[in-house]
Amino acid sequence: AQTVTQSQPEMSVQEAETVTLSCTYDTSENNYYLFWYKQPPSRQMILVIRQEAYKQQNATENRFSVNFQKAAKSFSLKISDSQLGDTAMYFCASPHGAGGTSYGKLTFGQGTILTVHP
Amino acid sequence: DSGVTQTPKHLITATGQRVTLRCSPRSGDLSVYWYQQSLDQGLQFLIQYYNGEERAKGNILERFSAQQFPDLHSELNLSSLELGDSALYFCASSVTQAWNSPLHFGNGTRLTVT
């Protein structure tokens, strides 16, 4: 079974500071994307950032960046200059399935609740 | 706005009843996924359709079924409802079913079974 582990159930950070959310995963896919999704209190699932496993360069989207370590199967999310609007639950997701049969479906971690304090 | 539309937003029903959740994918997306989000199980993949055909099944109960219609909208049918079926049900869509096609989620349907 594919597993995604987020070891931090809750995190908090002061506004304007930096926070890192951890994620480890297990997949038998050869090439794949990894994703971070954000779920604010409105409960909508919003794609934050994605990383292609074959790219060595870590993905960056404005204040969001990842630290991807393929050998360790680690995929952490760094949020710089945290804003109050970043308060949400964050989910790490990896492909679900084996041997190219994932067909795009994802396995999600249990989530990390991030609270940004003013 | 992701472009994925789910109706209804909220649904309250009694045990033993049957409900239908509806999803309209983003324009141009051929693949539809259903996920269940509950407090104890997190986000669980239920089922996937691609261009009208079932492609993959996850932890979907036999009491649940789904289909994707020729206009690509999808419906998730939940029957003989139990208290434990109370959850947030998400629909997501993607352009293809390939590994590099990100999922775009709707706002979910909150189901409460009393």
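What comes next is a walk through the structure. These numbers were taken from a predicted model, which means no experiment stands behind them. (Residues numbered from 1 in each chain as written. Chains lettered and ligands numbered in written order. Predicted model: local features only at pLDDT ≥ 70, side-chain atom pairs only at ≥ 80, totals over all residues. Heavy atoms only, no water.)

## What to know about the state of the cysteines
Residues and elements named next belong to chain A. Following the criterion strictly, the structure yields 2 disulfides over all chains and no others. What pairs with Cys23 in a disulfide is Cys92, and their sulfur atoms sit 2.0 Å apart. Handedness of the Cys23-Cys92 disulfide follows from its S-S torsion of about -65°: it is left-handed. Highlighted residues: Cys23 in the loop between strand S3 (19-21) and strand S4 (24-26) and Cys92 in strand S10 (residues 88-95), separated in sequence by 69 residues. (Disulfide = S-S within 2.5 Å. Helix = DSSP H or I, 4+ residues; strand = E, 2+ residues; numbered from the N terminus.)

## Notes on unusual backbone geometry
In terms of backbone geometry, most residues other than glycine have negative phi values and most peptide bonds are trans. Following B:Thr7, the chain continues into B:Pro8 via a peptide bond in cis, with omega recorded as -10°. With respect to the secondary-structure elements, B:Pro8 resides in the loop between strand S1 (5-7) and strand S2 (10-13). With phi around 75°, A:Arg43 is a residue other than glycine that occupies positive phi space. Mapped onto the elements of the fold, A:Arg43 is located in the loop between strand S5 (33-39) and strand S6 (46-52). In the Ramachandran plot, B:Leu72 falls in the positive-phi region, its phi being about 80° despite a non-glycine side chain. When you line up the elements, B:Leu72 lands in the loop between strand S7 (64-68) and strand S8 (74-78). We classify B:Leu72 as buried; its relative accessible area is 15%. (Buried < 20%, exposed > 50% of the residue type's maximum accessible area, 1.4 Å probe, protein only.)

## Observations concerning the interface of chain B and chain A
On the side of chain A, 19 residues touch chain B, which itself brings 27 residues to the contact. Counting the surface lost from both chain B and chain A, the interface buries some 2,000 Å², and carbon and sulfur atoms represent 57% of this. Mapped onto the side of chain B that touches chain A, the elements with two or more residues apiece are strand S4 (31-38), strand S5 (42-50), strand S6 (53-57) and strand S9 (87-94) of chain B. In terms of residue class, the side of chain B that touches chain A is made up of 12 nonpolar, 10 polar and 5 charged. (Contact = heavy atoms within 4.5 Å. Buried area = accessible area lost by both parts, 1.4 Å probe. Nonpolar A, V, L, I, M, F, W, Y, C, P; charged D, E, K, R; others polar.)

## A closer look at the pairing of S8(B)
Residue and element names in this part refer to chain B. In terms of burial, S8 is a largely internal element, 5 of the 5 residues being buried. A two-sided burial pattern is seen for S8, the buried positions comprising Ser74, Leu76 and Leu78 on one face and Glu75 and Asn77 on the other. Pairing between strand S3 (residues 19-24) and S8: 5 bridges, direction antiparallel. For Leu21, the partnering residue across the bridge sits in S8 and is Leu76. The antiparallel pairing of S7 with S8 creates a hairpin that spans 5 residues between the two strands, and Leu72 there sits at a positive phi of about 80°. (Pairing = 2+ DSSP bridges.)

## Details of the packing of aromatic side chains
Here the structure, examined in full by the defined rule, presents 13 aromatic pairs over all chains. Relative to A:Tyr37, the ring of A:Phe35 lies with its centre 6.1 Å away and its plane at 40°, an arrangement referred to as tilted. Exposure remark for A:Phe35: the relative accessible area of 2% places this residue in the buried category. When the centroid spacing of 5.8 Å and the interplanar angle of 50° are considered together, the rings of B:Tyr35 and B:Phe105 count as tilted. With B:Tyr35 in strand S4 and B:Phe105 in strand S10 (residues 104-105), the pair connects residues that are 70 residues apart, well separated along the chain. Three or more aromatic residues joined by ring pairs make a cluster, and in this case those are A:Tyr33, A:Phe35, A:Tyr37, A:Phe91, A:Phe108, B:Tyr35, B:Phe45, B:Phe90 and B:Phe105. (Phe/Tyr/Trp six-rings, centres within 6.5 Å; stacked < 30°, edge-to-face > 60°.)

## Quick notes on the sheet that holds S8(B)
Backbone-to-backbone hydrogen bonds pair the strands of a sheet. The strands run either parallel or antiparallel. Residues and elements named next belong to chain B. Ordered by their spatial adjacency, 4 strands build an open sheet running S1-S3-S8-S7, and the pairing between neighbours is antiparallel. Two strands lie at the open edges of the sheet, namely S1 and S7, each paired on one side alone. Neighbouring strand axes in the sheet, compared pairwise and without regard to direction, differ in orientation by 15° on average. (Axes fitted to C-alpha atoms, helices over the stretch in contact; angles between N-to-C directions.)

## Quick notes on the pattern of salt bridges
This model, assessed by the stated rule, comprises 6 salt bridges over all chains. Across the pair A:Asp86 and A:Arg63 runs a salt bridge, and its minimum N-O distance is 2.8 Å. Of this pair, A:Asp86 sits in the loop between strand S9 (74-79) and S10 while A:Arg63 is found in the loop between strand S7 (60-61) and strand S8 (64-69), placing the two residues 23 residues apart along the sequence. Accessibility classification places A:Asp86 together with A:Arg63 in one group, the buried group. Residue B:Arg63 is joined to B:Glu82 by a salt bridge in which the shortest nitrogen-to-oxygen separation is 3.7 Å. In this pair, B:Arg63 is assigned in the loop between S6 and S7 and B:Glu82 in the loop between S8 and S9, connecting sequence segments 19 residues apart. Sharing partners across several salt bridges, the network here consists of B:Arg63, B:Glu82 and B:Asp85. (Salt bridge = Lys/Arg side-chain N within 4 Å of Asp/Glu carboxyl O.)

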